[in-house]
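The chain contents come next:
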Amino acid sequence: MGTNRRVLVVEDEPVINGAVTDRLAAAGYDVVRAFDGPGAVEQFRTSEPDVVVLDVMLPGLDGHEVCRRIQAVRPVPVLMLTAADDETDVLVGLAVGADDYLTKPFRMRELVARVAALLRRVERAAELTETGTTDLGDRRLDPVARRVWAGDDEVHLTPTEFDLLLCLAASPGVVLTRERLLREVWDWPGASGTRTVDSHVKALRAKIGAERVRTVHGVGYALETGR
Ligand code: CA
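Here's what I pulled together on the structure shown here.

Thresholds, definitions, all that
- Sequence positions are assigned chain by chain, starting from 1 and proceeding in written order.
- Where totals are concerned, whole chains, interfaces and linings use all residues; where local detail is concerned, this predicted model gives features only for residues with pLDDT of at least 70, and gives and counts side-chain atom pairs only at 80 or more.
- Hydrogens are left out, water is left out, and the side-chain values use all remaining heavy atoms of the structure.
- Only nitrogen, oxygen and sulfur atoms count as donors, using a 2.8 Å cut-off from the metal that widens to 3.2 Å for Na, K and Ca. Water is left out, so coordination shells may look unfilled.
- Residue burial is assigned from relative accessible area. The probe radius is 1.4 Å, only protein chains are included, and a residue is buried under 20% of its type maximum, exposed over 50%, and partly exposed in between.
- In plain words, nonpolar cores are sets of buried Ala, Val, Leu, Ile, Met, Phe, Trp, Tyr and Cys residues tied together by side-chain atoms within 4.5 Å.
- Labels follow the DSSP assignment, with helices taken as runs of H or I lasting at least four residues and strands as runs of E lasting at least two, numbered in each case from the N terminus.
- Between two residues, a contact is recorded if the distance between any of their heavy atoms is within 4.5 Å.
- Each axis is a line fitted through C-alpha atoms, taken for helices only over the stretch in contact, and angles between the N-to-C directions span 0 to 180 degrees.
- Put simply, angles under 35 degrees are roughly parallel, angles over 145 are roughly antiparallel, angles from 65 to 115 are roughly perpendicular, and the rest are oblique.
- Arc definition: it is the arc formed by the directions from the helix axis to the C-beta atoms.
- Side-chain atoms alone can form a polar contact between residues adjacent in sequence; in general such a contact is a pair of N or O atoms within 3.5 Å, and within protein one must be able to donate a hydrogen while the other accepts it.
- Only protein atoms enter the calculation, which uses a 1 Å grid: trapped sets of points that fit a 1.4 Å probe without letting it out are cavities, open sets showing protein on both sides within 12 Å along at least five of seven lines are pockets, and any residue with an atom within 4 Å of a point is a lining residue.
- Grid points are joined across faces, edges and corners, and a volume is the space filled by probe spheres set on the points.
- Amino acid classes used here: Ala, Val, Leu, Ile, Met, Phe, Trp, Tyr, Cys and Pro are nonpolar; Asp, Glu, Lys and Arg are charged; the rest, including Gly, are polar.
- The domain boundaries here were taken from an automatic or database domain assignment.

This paragraph deals with the coordination of the calcium ion. Surrounding the calcium ion are the protein donor atoms D12 (OD), D55 (OD) and M57 (O), at 2.1 to 2.4 Å. Counting along the primary sequence, the residues that act as donors to the calcium ion give the motif D-x42-D-x1-M. Look at M57 and you get exposed, because its relative accessible area is 58%.

Structure follows, in structure tokens:
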């Protein structure tokens, strides 16, 4: 799979950093690396990667703080690496702008697939912009600039929250199953994935108004435009 996309790999353990870097390079990515928190923020600014693979446990700044800082510079898809299947770690990661996570130990093939899926989502969201869905009642959505406004105030969404909103907004009032949202927004139908959808819907609701996203219990979600 040829690609000129650039990946920033942040991991302080040299063996894992090297293995991830080699595997992504073999898949055709341009890979840049960092080994601690401050180095990751600096490398993000100078090398402008398209996607970031980010370990949570890092010297200097932890992965959550790194994620918060780089998302403030520029929205970017982030795949978080967590040391254990720790739900708190995952929820904190999603809250600071991570889009997906992998629990150590992980298979390299799985990591490469997740990175590719993150990049495809960004591209698909760009295609969705051509549907021109910008009217959400009293919210305005600018698909090209990837920004959302409530009156004169900007609503700050993570890249995943924006893609989720864009997907829902493409079919306002229509109930989209969690499986469909996983496929269209995350591009992977993982068995554990519906919890990921629920977490991001919860975060999106907190930002755009709980009444905007209707829950259809046991099925999925629908966007209410207030019209
Ligand atoms: Ca580490």
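Among the nonpolar cores identified, the biggest contains 25 residues, and L168 and L181 are the most heavily contacted of them. Sorting the residues of this core by element identifies α6 (159-169), α7 (178-186), α8 (193-208) and β12 (220-223) as the ones contributing at least two each. Tallying contributions element by element places α6 first for this core, with seven residues. Each residue touching L181, except ones within four places of it in the same chain, is listed here: L164, C167, L168, L176, W186, V197 and Y221. Counting 23 residues, the second largest nonpolar core, distinct from the first, contains L61, V78, L94 and V96.

With their axes 9 Å apart at the nearest point, α7 and α8 run at an angle of 80° to one another. It follows that α7 is roughly perpendicular to α8 by the angle criterion. Contact residues: R178, E179, L181, L182 and W186 in α7; G193, T194, T196, V197, D198 and H200 in α8.

What follows deals with helix α3 (residues 63-73). Of all the residues in α3, the buried ones are G63, H64, V66, C67, I70 and Q71. One side of α3 carries all its buried residues, which in axial view fall inside an arc of 155°. Between the side-chain oxygen at the start of α3 and the backbone nitrogen of H64 there is a gap of 3.1 Å, and the oxygen is on D62.

A probe matching the size of a water molecule, rolled over the atoms, marks out where space remains unfilled. Volume-wise, the largest pocket comes out at about 340 Å³. When contributions to the lining of the largest pocket are tallied by element, the ones reaching two or more residues are α3, β8 (147-150), β9 (153-155) and α6. The element that contributes the greatest number of residues to the lining of the largest pocket is α3, accounting for three residues. In terms of residue class, the lining of the largest pocket is built from nine nonpolar, four polar and four charged. When residues of the lining of the largest pocket are sorted by domain, at least three fall in each of domain 1 (6-126) and domain 2 (134-223).

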